[in-house]
Amino acid sequence: MNDYLDWPGLKQVCKIEREVEQKGRKESQIRYAVTSLGPEAGPQKLLKLVRGHWAIENKLFRVRDATLGEDASQIRKGSAPEVMAALRNVVIGLFRRAGVTNIAAALRENGWQHHGPSLLNLLLTVMQRK
């Protein structure tokens, strides 16, 4: 491969074929990946690594965007975007630490609390688990 590609450390290229269903519509996708892992990283290991990447994408970045509206945010000056991203990460981390798997549902549930600051209660619950 190194005779064809000018990619330092390249050891493998893999092809990933998958069926994706979104909103009732099925679609076939083909993706390619390059890696510096040698032949000892067989297909199962490569697939595990790719799925691990998407787990991070779905558990953090997608939640920050789809649930917390990060991409729609109009905060763009100074360090405010980084501060808001950090605050979003804290909220997600607190919910995850408390065992919440559906962040959107947890936000809706906590938004309807009328008896005090629910995120503070969540923080106290998380701290007690240590």
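Residues numbered from 1 in each chain as written. Predicted model: local features only at pLDDT ≥ 70, side-chain atom pairs only at ≥ 80, totals over all residues. Heavy atoms only, no water.

Student: Mind showing me how you'd approach the overall build of the protein here?
Tutor: Helix and strand counts for the protein stand at four helices and two strands. Of the regular secondary structure in the protein, the N- to C-terminal order runs β-β-α-α-α-α. Split into buried and exposed, the 130 residues of the protein put 21% on the buried side. Pairs at least 24 apart in sequence give 46% of the contacts found in the protein among residues at least 6 apart. (Helix = DSSP H or I, 4+ residues; strand = E, 2+ residues; numbered from the N terminus. Buried < 20%, exposed > 50% of the residue type's maximum accessible area, 1.4 Å probe, protein only. Contact = heavy atoms within 4.5 Å.)

Student: I'm lost on the nonpolar core in this one. Help?
Tutor: The nonpolar side chains of a soluble globular protein tend to be buried, and buried together. Formed by V63, V91, I92, F95, I103 and A106, the largest nonpolar core amounts to six residues. Looking at this core, the elements with two or more residues in it are α2 (80–97) and α3 (103–111). Broken down by element, the residue count for this core peaks at three residues, all from α2. Ranked by size, the runner-up nonpolar core spans five residues in total, among them I16, A41, L46 and V50. (Core = buried A, V, L, I, M, F, W, Y, C linked by side-chain atoms within 4.5 Å.)

Student: Any chance you could explain the pattern of salt bridges here in plain terms?
Tutor: Applying the stated criterion to the full structure yields four salt bridges. Two residues, R25 and E27, come together in a salt bridge whose shortest N-O distance is 3.7 Å. By relative accessible area, R25 is classed as exposed at 54%. For the salt bridge of R64 with E70, the shortest nitrogen-to-oxygen distance reads 3.0 Å. Residues R64 and E70 agree in their burial class; the two are buried. Within the structure, one salt-bridge network assembled from shared partners comprises R64, E70 and R88. (Salt bridge = Lys/Arg side-chain N within 4 Å of Asp/Glu carboxyl O.)

Student: In this structure, what is going on with α2? I would like to understand it.
Tutor: Residues spaced three or four apart along an α-helix face the same direction, because each turn holds 3.6 residues. Look at α2: 25 Å from first C-alpha to last across 18 residues, which is about the 26 Å you get at 1.5 Å a residue. The complete set of buried residues in α2 reads A85, R88, V91, I92, L94 and F95. (Expected span 1.5 Å × (residues − 1).)

Student: Is there a simple way to think about the side chain of Q12 in this case?
Tutor: Relative to the helices and strands, Q12 resides in strand β1 (residues 12–22). Within polar-contact distance, the side chain of Q12 engages the backbone oxygen of G38 at 2.6 Å. Polar side-chain contacts of Q12 include one of 3.0 Å to the backbone oxygen of A41. (Polar contact = N/O pair within 3.5 Å; in protein donor to acceptor, adjacent residues only side chain to side chain.)

Student: Before we go on, may I ask you to explain a nonpolar patch on the surface in this structure?
Tutor: A cluster of nonpolar side chains, namely Y4, L5, W7, V13, I30, Y32 and V34, defines an oily patch on the protein surface of about 790 Å² accessible area. Counting residues per element, the nonpolar patch draws most heavily on strand β2 (residues 25–35), at three residues. On the secondary structure map, V34 appears in strand β2. Owing to a relative accessible area of 39%, V34 belongs among the partly exposed residues under this scheme. (Patch = residues over 30% accessible without salt bridge, like charges linked within 9 Å, V, L, I, M, F, W, Y side chains within 5 Å. Areas by Shrake-Rupley, 256 points an atom, 1.4 Å probe, with all protein chains shown as cover.)

Student: What is the right way to look at the environment of Q29 in this model?
Tutor: Mapped onto the fold, Q29 is located in strand β2. On the basis of relative accessibility, which here comes to 14%, the residue Q29 falls in the buried class. Not counting residues within four places of it along the chain, the set of residues in contact with Q29 comprises I16, E17, R18 and V20. Within the structure, the side chain of Q29 is placed 3.3 Å from the side chain of E27, a separation counted as a polar contact.

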